[in-house]
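Residue-level structure breakdown
The chain contents come next:
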Amino acid sequence: MTTTYSGPARLILVDGACISGMASLSTNQRGGLNGWGGTFRPDEITTDLRNAVEGLQLELPYDRIGTVAVTGIRKLLATQVLMSLAGRGPAPF
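So, here is what we can say about the structure in this document.

Reading the values: rules and limits
- Residues numbered from 1 in each chain as written.
- Predicted model: local features only at pLDDT ≥ 70, side-chain atom pairs only at ≥ 80, totals over all residues.
- Heavy atoms only, no water.
- Helix = DSSP H or I, 4+ residues; strand = E, 2+ residues; numbered from the N terminus.
- Rg over C-alpha atoms; globule rule 2.2 N^0.38 Å.
- Buried < 20%, exposed > 50% of the residue type's maximum accessible area, 1.4 Å probe, protein only.
- Contact = heavy atoms within 4.5 Å.
- Lys, Arg positive; Asp, Glu negative; His and termini not counted.
- Charge placed at Lys NZ, Arg CZ, Asp CG, Glu CD.
- Pairing = 2+ DSSP bridges.
- Axes fitted to C-alpha atoms, helices over the stretch in contact; angles between N-to-C directions.

A few words on the overall build of the chain. Within the chain, the regular secondary structure consists of one helix and six strands. When the elements of the chain are put in sequence order from the N terminus, they spell out β-β-β-α-β-β-β. Against the 2.2 N^0.38 benchmark of 12 Å for 93 residues, the chain shows a C-alpha radius of gyration of 13 Å, consistent with a compact globule. In terms of overall dimensions, the chain has a C-alpha envelope of 35 × 25 × 20 Å along the principal axes. Considering the chain as a whole, with its 93 residues, one finds that 34% of them fall into the buried category. Contacts spanning at least 24 positions in sequence make up 47% of the contacts within the chain whose residues lie at least 6 apart. Placing the 8 positive and 7 negative side-chain charges of the chain at their respective mean positions leaves the two points 11 Å apart.

Okay, structure coming up:
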């Protein structure tokens, strides 16, 4: 069974800075692994965000938080990027 979440989220960087945006997440249970991941489209792009890789947290509504790592960043438009995220630990949705 796959669980999904699509909606507002905040990416919390290592220094505590918060970046708002939209997340599209899902769990995958391939091979019995309870992994999860998806994409995050930040409302703004900062230098810290570009350099962020590990030790990040993704906060969903109702104070649900999951730990994530950035596995890739793809440019969508001149002012937008789409970040690929891999979840660590239990999914917050």
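So, about the sheet that holds strand β3 (residues 35–42). What the six strands build is a closed barrel, ordered β1-β2-β3-β6-β5-β4; its pairing is antiparallel. Here the strands of the sheet are splayed against their neighbours by 45° on average, with no regard to which way each runs. Relative to strand β4 (residues 56–60), strand β1 (residues 4–12) is paired through three bridges, and the arrangement is antiparallel. Paired with leucine 11 across the bridge in β4 is leucine 58.

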